[in-house]
Structure formats: structure tokens, C-alpha cells
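# Report on the structure
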Amino acid sequence: EKKYIGHCENLDTPSFKLVRGRNADPAAYLGIRFWQPTGIKMGVNDSRDSTPYWLVTSKRGQELTALLNR
């Protein structure tokens with residue numbers, strides 16, 4: 001449900017590389033395709049879930065974050 005999605009952030013190529021690499025949280029969910037260089041970081045607002053965020057590749061990250069952050 002949308003109520004469990006926190007703040008979403010559109011990530012360009014350098015930012016996405018950092019978040020999926022050295023700045024990654026081991027508890028995060030990664031739904032990534034390694035050939036796609038950009039994506040979004042979606043916060044998780046669920047006290048029962050220890051996952052801090054989802055990292056998902058997207059070619060249309062700006063549009064997706066605009067919709068999810070409404």
C-alpha cells in the first residue's frame with residue numbers, strides 16, 4: 001500500500017552507483033538491473049519491516065518519484 005512508501009528520491013548515475021555500492025545499506029531491498037545506470041530510492045514506512053529502503057532501477061525515475069511523493 002502507498003501508506004508504507006516513504007520519501008522517494010530520483011538518483012542520477014553517480015548517485016545511484018554510490019547507493020548501490022559503497023554507501024549501500026545491507027538491509028535494503030535491491031530491485032536493480034545492472035545495465036540500467038539510474039533509479040530511485042524509496043523509503044519504507046513500516047515499523048514491522050526492518051528494510052530501510054528499496055533501491056529500484058528506472059529509466060523514468062523523475063516521473064515515478066513525482067507520482068510517489070504526492
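Quick look at the structure, then.

Calculation notes
- Residues numbered from 1 in each chain as written.
- Predicted model: local features only at pLDDT ≥ 70, side-chain atom pairs only at ≥ 80, totals over all residues.
- Heavy atoms only, no water.
- Buried < 20%, exposed > 50% of the residue type's maximum accessible area, 1.4 Å probe, protein only.
- Helix = DSSP H or I, 4+ residues; strand = E, 2+ residues; numbered from the N terminus.
- Arc of directions from axis to C-beta.
- Contact = heavy atoms within 4.5 Å.
- Core = buried A, V, L, I, M, F, W, Y, C linked by side-chain atoms within 4.5 Å.
- Pairing = 2+ DSSP bridges.

### Overview of helix H2 (residues 61–68)
Among the residues of H2, Gly61, Thr65 and Leu68 are the ones counted as buried. Here the buried residues of H2 occupy an arc of 65° about the axis, which is enough to place them on one side. Along its buried surface, H2 packs onto strand E1 (5–11) and strand E3 (39–44).

### With respect to the nonpolar core
Membership of the largest hydrophobic core is limited to seven residues, which are Leu11, Phe16, Val19, Ala28, Ile32, Tyr53 and Leu55. For this core, the secondary-structure elements that each account for two or more residues are helix H1 (13–20) and strand E4 (53–57). When sequence neighbours within four positions are dropped, the list of residues in contact with leucine 11 reads Phe16, Val19, Thr38, Gly39, Ile40, Lys41 and Leu55.

### Some details on the pairing of E3
In terms of strand pairing, E1 meets E3 through five bridges, oriented antiparallel. Looking across to E3, one finds that isoleucine 5 is bridged to valine 44. Pairing geometry for E3 and E4, over five bridges, is antiparallel. Looking at the pairing, methionine 42 lines up with tryptophan 54 of E4.

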